[in-house]
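These are the residues of each chain, in order.
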Amino acid sequence: MVKKSSMAAAGKEPGRAPGTQAAIAAASCCAKRGTRHTSSPGNQLSRTSAQSRGVPSPTPPRARRTDVTPGSPMAAGGGHGRGSWGSHGETAAYGAEGRGLEAPLANGRARLNNSRRGAVTAEGTVCGIECCPRRGGPQRAMLRRALRLGLGRGLLGRGLGTWRGDSTLDWDGKVSDIKKKIQSVLPGGAWNPLYDTSHLPPEHSDVVIVGGGVLGLSVAYWLKRLEKRRGAIQVLVVERDYTYSQASTGLSVGGIRQQFSLPENIQLSLFSVDFLRNINEYLAVVDDPPLDLQFNPSGYLLLASEKGAAIMENNVKVQRQEGAKVCLMSPEQLRNKFPWINTEGVALASYGLEDEGWFDPWCLLQGLRRKVQSMGVLFCHGEVTRFISSSNRMETASGEEVTLKRIHEVHVKMDRSLEYQPVECAIVINAAGAWSGQIAELAGIGKGPPGTLQGTKLPVEPRKRYVYLWHCPQGPGLETPFVIDSSGAYFRREGLGNNYLGSCSPTELSPQEEEPDPGNLEVDHGFFQDKVWPHLAQRVPAFETLKVRSAWAGYYDYNTFDQNGVVGPHPLVVNMYFATGFSGHGLQQAPAVGRAVAEMVLEGSFQTIDLNPFLFSRFYLGEKVQEHNII
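An unreviewed UniProt entry annotates the protein as FAD-dependent oxidoreductase domain-containing protein 1 originating from Equus caballus. The Function (unreviewed entry) comment attached to the protein in UniProt states, word for word, "Required for the assembly of the mitochondrial membrane respiratory chain NADH dehydrogenase (Complex I). Involved in mid-late stages of complex I assembly." As stated in UniProt under Cofactor (unreviewed entry), the record for the protein gives "FAD".

Spelled out as structure tokens, the structure:
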């Protein structure tokens, strides 16, 4: 026993921390006096007697033993053995945030070596005990220090919890979290969403643009740039392919030219090339690096046979009238300028002297996206699946009854999820590219009697086009322009390592040629071997030894009516506007088309370039605006 006492005095007894002896002395004194600890404001404990406060005992007092004389240890409640404190009916109260925590002492057996279940303050430290009549300033300070050092290192130092072996389950924290969640869903409680909703689009937006390609982003840019007051228009762009892995923009060859047959297309390209040449004046963002489109102004070279020579002459005349710098070349002039060309079968050539060539389409896409985000445009990765609209019936001047619709709500289904978000809006821009026909059908366009305006569909569908990359060490040099053969095959240089991009549209080779399946983007390598390469090798003999290195496929938003764009509002779905159907030249004209659509939305008419010939109504009227120079 002496040895055990020595170990305890030295603080080496297992399970007993230093300072416990002081706690034993204080608690034993209180037990003999029949008092208990209560909490007062300030988390200071004072001793009181349950009887003096008028608090009934939790259990009836047991009968006094007649064989125990007053003043003996048994009479003082210590009859259960050495070290025991408290008897039936006594309670111990400990302070926690100024509140008393009272627990009956079961059978008076709560020994101090189990006091690790004792009380703590809100800060997790043991309160000072003021119960001993012999206490003084130094002794009290020493007692408090001993309790902090001895008992504060165990469970008491961690806050109120449940002790199970060597771990504590922080029930207070869990209960607090549960209470907050319950209160958030109760009527009148503060709303606290249980999951992140940052990926959802807003519930309201002035303009919803369906399609986040270069055309949709250009519309968003000009809407924000031309708004009367900064922040006056809220614009949301919805794009389902957030990686742009199948977007037509990134899969195109990036050409820009003014050699079109229609004045409107020439004007669109002239505006756009000025935009591209001064790209950082339009799309610069503070603290971001400037854009480098890697514009290569090598020009376009179009070749015509005897059959197409007259059409080429007329086209060049129109192009010059609109301000394009284009010249005509005879076969002899062509051989002198580009000796690597075989001029057999070539009757005439047109060559762009300025503002034609190619650029990096991916850089333009990312530059537009970065800029519009800095202007406050919102983005959402999802798919438009439904339109909610209202309708009114009216009669035209000819007596035909038509139904006018207005879209009020767009349902956006989130990517790889069943959830959707309804977005209230005032304007919808259909810039969905190859899939814009499907978006038009969702709005009810084309769902009417055949031959009527209500039954006229948007004639835009996806057409798959291949692009091949090949290497030819003896191929044309750095001065090589973007060449378009009379057969429809085309090519241009790619970089400085004698690499070339090129292909041909199937319908350009033969109107009876079957279109590739647009259901996938798989590449038909046999198409190059059988249909493209023979024409390339005939026009450029060095291409006899070319080797294809890679290939990919992309989509045209092909207008089957006249291969020209559709710009402006729908006559019946009055708040849906189009920016689609350019059949391969939408990328190069995107900056100008975006401005035209923004002008129509904000001003009610085209301001910079008159694009009324590209309105939807021409499909109903049967007025084709045919573009002959489609690649």
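(A) Structural detail: the overall build of the protein. Assigned secondary structure in the protein consists of 17 helices and 24 strands. For the protein, buried positions account for 46% of its 631 residues. For the protein, the proportion of contacts with a sequence separation of at least 24, taken over those separated by at least 6, is 71%. Within the structure as shown, the protein displays about 31,800 Å² of accessible surface, and the carbon and sulfur contribution to it stands at 51%.

(B) Broad picture of the sheet that holds strand S7 (residues 207–210). Spatially, the 8 strands line up as an open sheet ordered S16-S15-S14-S8-S7-S17-S24-S23, and their pairing is mixed. One side of each edge strand has no neighbouring strand; the edge strands of this open sheet are strand S16 (420–424) and strand S23 (566–569). Neighbour-to-neighbour, the strand axes of the sheet open up by a mean angle of 30°, direction not taken into account.

(C) Spatial organisation of the pattern of salt bridges. On inspection of all chains with the given rule, the structure shows 13 salt bridges. Residue lysine 224 is joined to glutamate 227 by a salt bridge in which the shortest nitrogen-to-oxygen separation is 3.4 Å. The class of lysine 224 is buried, set by a relative accessible area of 8%. Residue glutamate 515 is joined to arginine 465 by a salt bridge in which the shortest nitrogen-to-oxygen separation is 2.8 Å. Linking glutamate 515 in the loop between helix H14 (506–509) and helix H15 (525–539) with arginine 465 in strand S18 (residues 460–471), this pair joins segments that are 50 residues apart in sequence. The exposure class of glutamate 515 is partly exposed, given its relative accessible area of 21%. Through salt bridges with shared partners, one network takes in Glu461, Arg463, Arg465 and Glu515.

(D) A look at the packing of aromatic side chains. Throughout the structure, instances matching the rule amount to 25 aromatic pairs. Measuring from ring centre to ring centre gives 5.5 Å for phenylalanine 338 and tryptophan 340, while their planes differ by 50°; the resulting arrangement is tilted. Looking at phenylalanine 338, the relative accessible area reads 0%, which means it is buried. Taking the centre distance of 4.8 Å and the plane angle of 45° together, the rings of tyrosine 468 and phenylalanine 528 count as tilted.

(E) Here's a closer look at the packing of helix H6 (residues 214–226) against helix H16 (residues 586–603). Contact pair H6 / H16: the axes reach a minimum separation of 7 Å and the direction vectors enclose 40°. Here H16 runs oblique to H6, going by the angle between their axes. Crossing of H6 against H16: the hand is right-handed. Counted together, Val214, Leu215, Ser218, Val219, Trp222, Leu223 and Leu226 of H6 and Gly586, Leu587, Ala590, Pro591, Val593, Gly594, Arg595, Val597, Ala598, Glu599, Val601 and Leu602 of H16 form the full contact between these two elements.

(F) Just the pairing of S7, in detail. Every second residue of S7 is oriented toward a common face, with Val207 and Ile209 on one face and Val208 and Val210 on the other, all of them buried. Pairing geometry for S7 and strand S8 (residues 235–239), over 4 bridges, is parallel. Bridged to valine 210 within S8 is valine 238. Crossover S7 to S8 through H6 is right-handed.

(G) Region of the structure containing the nonpolar core. Ile209, Leu283, Leu364, Ile429 and Val567 are the most contacted members of the largest nonpolar core, which has 54 residues in total. In contact with leucine 283, other than residues within four places in its own chain, are Tyr221, Phe275, Leu291, Leu364, Gly367, Leu368, Arg370 and Lys371. Val208, Cys380, Ala443 and Val460 belong to the second largest nonpolar core, which has 29 residues in total.

(H) The side chain of asparagine 499, seen in detail. Take asparagine 499: it is sitting in strand S21 (residues 499–503). We classify asparagine 499 as buried; its relative accessible area is 17%. Polar contacts involving the side chain of asparagine 499 include one to the side chain of histidine 471, which spans 3.1 Å. Discounting residues that sit within four places of it in the chain, asparagine 499 has contacts with Leu469, Trp470, His471, Arg492, Arg493, Glu494 and Arg549.

Rules used throughout
Residues numbered from 1 in each chain as written. Predicted model: local features only at pLDDT ≥ 70, side-chain atom pairs only at ≥ 80, totals over all residues. Heavy atoms only, no water. UniProt positions renumbered as here; feature names shortened; annotations may be inferred. Helix = DSSP H or I, 4+ residues; strand = E, 2+ residues; numbered from the N terminus. Buried < 20%, exposed > 50% of the residue type's maximum accessible area, 1.4 Å probe, protein only. Contact = heavy atoms within 4.5 Å. Areas by Shrake-Rupley, 256 points an atom, 1.4 Å probe, with all protein chains shown as cover. Pairing = 2+ DSSP bridges. Axes fitted to C-alpha atoms, helices over the stretch in contact; angles between N-to-C directions. Salt bridge = Lys/Arg side-chain N within 4 Å of Asp/Glu carboxyl O. Phe/Tyr/Trp six-rings, centres within 6.5 Å; stacked < 30°, edge-to-face > 60°. Parallel < 35°, antiparallel > 145°, perpendicular 65-115°, else oblique. Left-handed = near helix turned anticlockwise from the far one by under 90°. Right-handed = clockwise from strand over helix to strand, strands pointing away. Core = buried A, V, L, I, M, F, W, Y, C linked by side-chain atoms within 4.5 Å. Polar contact = N/O pair within 3.5 Å; in protein donor to acceptor, adjacent residues only side chain to side chain.

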